[in-house]
Amino acid sequence: MNTTQTGCTLNGAPIDCPNIGLMVGTVGLIFALIILINIIAFWKIFTKAGKPGWASIIPVYNMVVMLEIAKKPIWWVILMFIPVVNVVVGIVLTIELAKAFGKEVGFTIGLVILPIIFFPIMAFDDSKYIYGDTPEVPPMPDTNPIIPPAATV
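Residues numbered from 1 in each chain as written. Predicted model: local features only at pLDDT ≥ 70, side-chain atom pairs only at ≥ 80, totals over all residues. Heavy atoms only, no water.

A. Quick look at the pattern of salt bridges. Following the criterion strictly, the structure yields 4 salt bridges and no others. As a salt-bridge pair, D125 and K48 come within 3.2 Å of each other at their nearest N and O atoms. One end of the pair, D125, is in the segment after α6 (115-124); the other, K48, is in helix α1 (residues 20-48), and 77 residues separate them in sequence. The residue D125 makes a salt bridge to K103 at a minimum N-O spacing of 2.2 Å. Placement of the pair is D125 in the segment after α6 and K103 in the loop between α4 (85-100) and α5 (105-113), with a sequence separation of 22 residues. Among the residues examined, D125 registers a relative accessible area of 23% and is labelled partly exposed. A relative accessible area of 18% places K103 in the buried class. The network of salt bridges with common partners includes K48, K103 and D125. (Salt bridge = Lys/Arg side-chain N within 4 Å of Asp/Glu carboxyl O. Helix = DSSP H or I, 4+ residues; strand = E, 2+ residues; numbered from the N terminus. Buried < 20%, exposed > 50% of the residue type's maximum accessible area, 1.4 Å probe, protein only.)

B. Broad picture of α5. Of the positions making up α5, those classed as buried are F107, T108, G110 and L111. In a view along the axis of α5, the buried residues occupy a sector of 155°, so they form one face of it. The exposed set on the far side of α5, more than 90 degrees from its buried face, consists of V105, G106 and I113. Elements that come into contact with the buried residues of α5 comprise α4 and α6. (Arc of directions from axis to C-beta. Contact = heavy atoms within 4.5 Å.)

C. Expanded view of the nonpolar core. Ranked by size, the top nonpolar core spans 28 residues in total, and within it F46, I69, L97, F101, F119 and M122 carry the most contacts. Where this core is concerned, the elements lending two or more residues are α1, α2 (61-69), α3 (76-79), α4, α5 and α6. Broken down by element, the residue count for this core peaks at 6 residues, all from α2. Those residues in contact with F101 that lie beyond four places of it in its chain are I45, K48, A49, I69, M122, S127, K128, Y129 and I130. (Core = buried A, V, L, I, M, F, W, Y, C linked by side-chain atoms within 4.5 Å.)

D. Inspection of the layout of surface pockets at higher detail. One number sums up the size of the largest pocket: a volume of about 170 Å³. Lining the largest pocket are N38, I39, F42, F46, S56, P59, V60, N62, M63 and M66. Put simply, the parts of the chain that give the lining of the largest pocket at least two residues each are α1 and α2. Here the lining of the largest pocket gets 4 residues from one element, more than from any other, and that element is α1. The residue inventory of the lining of the largest pocket, partitioned by class, reads 7 nonpolar, 3 polar and no charged. (1 Å grid on protein atoms, 1.4 Å probe; cavity = no way out; pocket = protein on both sides within 12 Å on 5 of 7 lines; lining within 4 Å. Points joined across faces, edges and corners; volume = space filled by probe spheres on them. Nonpolar A, V, L, I, M, F, W, Y, C, P; charged D, E, K, R; others polar.)

E. Region of interest: α1. Helix length check: α1, at 29 residues, gives a terminal C-alpha distance of 42 Å against a target of 42 Å (1.5 Å per residue), a fit within 8%. Among the residues of α1, A41, F42, I45 and F46 are the ones counted as buried. Buried positions along α1 lie against α2 and α6. (Expected span 1.5 Å × (residues − 1).)

Next up, the structure:
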């Protein structure tokens, strides 16, 4: 008589089987939530900097826009495709992004070490983008206070 085992055993002794499907589903849900949180945070950061929020979900273009926000050269996007160099450039870009929103050193370290926590904080706090367009200085009047204007006859 051929019997098949349907339960889990450990060294021949029956044990409770963990539900692998539930564990995989839970891990998948956690990753999906992390991705969703990142999308929302970067969308908000882009809009705070005056850029279109949808640019945060377009691969490669989002890096171009982030370089614009941080006031770094666009050609740095090429460096993001070089192993090891991309890590250094990513850290420098994160530091410059923090400066662009007026963040201190402690917050910048948080952005580098725990981005999943600190990017949403930066997105939804009251920080302002400080690298934006500065108001124009009004033009100087044509009159010189030392030399009077020429008299018209």
